Amino acid sequence: QVHLVESGGGTVQAGGSLRLSCTASGRTFSTNAMGWYHQAPGKARAYVAVINWSGHSTYYSDSAKGRFTISRDNAKGTVYLQMNNPKPDDTGVYYCAAAEGGSTTDFIGAPSKFWGRGTQVTVAS
């Protein structure tokens, strides 16, 4: 199976930048579509971005589009979320997740098989 650990969270000023990392272990990592979810305080977990197994196909939520970038380095077993121009509404816990399949549709169309424990992001004014 795939074990995921997020890092890179912290406090950032609105309009700044932050880069989250998700370190994966397991031989199946390079075959899994990966993505990020955001859970704001008192809110349900919401989809942010997804990347296919090779890194050549990505999709974003409307809120993340144009501000956030998801990428992966399979050789390093790492998925990233570059957060540019964060807003106060971006505050919350960010979770890394992996689908069973390698396509972005495998991630979007079904519950993720593997989850990290999350990393806290606070966007200050």
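Structure: above.
Residues numbered from 1 in each chain as written. Predicted model: local features only at pLDDT ≥ 70, side-chain atom pairs only at ≥ 80, totals over all residues. Heavy atoms only, no water.

S.K.: Quick one: what's the story with the environment of Gly26, residue by residue and with numbers?
M.R.: Among the secondary structure elements, Gly26 is positioned in the loop between strand 3 (17–25) and strand 4 (34–39). A sequence separation of 25 residues divides Gly26 from Gln1, and the C-alpha atoms of the two residues are 6.0 Å apart. (Helix = DSSP H or I, 4+ residues; strand = E, 2+ residues; numbered from the N terminus.)

S.K.: If you had to explain the nonpolar core to someone new, which residues and values would you point to?
M.R.: Grouped burial of nonpolar side chains is what soluble globular proteins tend to show. With 26 residues, the main nonpolar core has Leu4, Met34, Trp36, Leu81 and Tyr94 as its most contacted residues. Contributing elements (two or more residues each) for this core: strand 3, strand 4, strand 5 (46–51), strand 7 (68–73), strand 8 (78–84), strand 9 (92–98) and strand 11 (119–124). The element contributing the most residues to this core is strand 3, with four residues. If sequence neighbours within four positions are ignored, Tyr94 has contacts with Glu6, Leu20, Trp36, Tyr37, His38, Val48, Phe68, Leu81, Met83, Gly118, Thr119 and Val121. (Core = buried A, V, L, I, M, F, W, Y, C linked by side-chain atoms within 4.5 Å. Buried < 20%, exposed > 50% of the residue type's maximum accessible area, 1.4 Å probe, protein only. Contact = heavy atoms within 4.5 Å.)

S.K.: Could you give an account of the state of the cysteines, with specific residues and numbers?
M.R.: Applying the stated criterion across every chain yields a total of one disulfide. The side chain of Cys22 participates in a disulfide bridge whose partner is Cys96; the two sulfur atoms lie 2.2 Å from each other. Because the torsion about its S-S bond is -80°, the bridge between Cys22 and Cys96 counts as left-handed. Remark: Cys96 occurs in strand 9 and Cys22 occurs in strand 3; sequence separation between them is 74 residues. On the basis of relative accessible area, Cys96 is assigned to the buried category, the value being 0%. (Disulfide = S-S within 2.5 Å.)

S.K.: Lay out the pairing of strand 7 in plain terms, naming residues and giving numbers.
M.R.: Burial along strand 7 is one-sided: Phe68, Ile70 and Arg72 are buried, while Thr69, Ser71 and Asp73, pointing the other way, are not. As paired strands, strand 7 and strand 8 are joined by six bridges and run antiparallel to one another. Looking across to strand 8, one finds that Thr69 is bridged to Gln82. Here strand 7 folds back onto strand 8, and the loop between the two strands holds four residues, one of which, Gly77, carries a positive phi near 65°. (Pairing = 2+ DSSP bridges.)

S.K.: Residues and numbers for the sheet that holds strand 1 (residues 3–7), please.
M.R.: Within the open sheet, the four strands sit side by side as 1-3-8-7. Their pairing is antiparallel. Each having just a single partner strand, strand 1 and strand 7 make up the two edges of the open sheet. Neighbour to neighbour, the strand axes of the sheet diverge by 15° on average, direction disregarded. Looking at chain direction, strand 1 and strand 3 are connected through five bridges and run antiparallel. Within strand 3, the position partnered with Leu4 by the bridge is Ala24. (Axes fitted to C-alpha atoms, helices over the stretch in contact; angles between N-to-C directions.)

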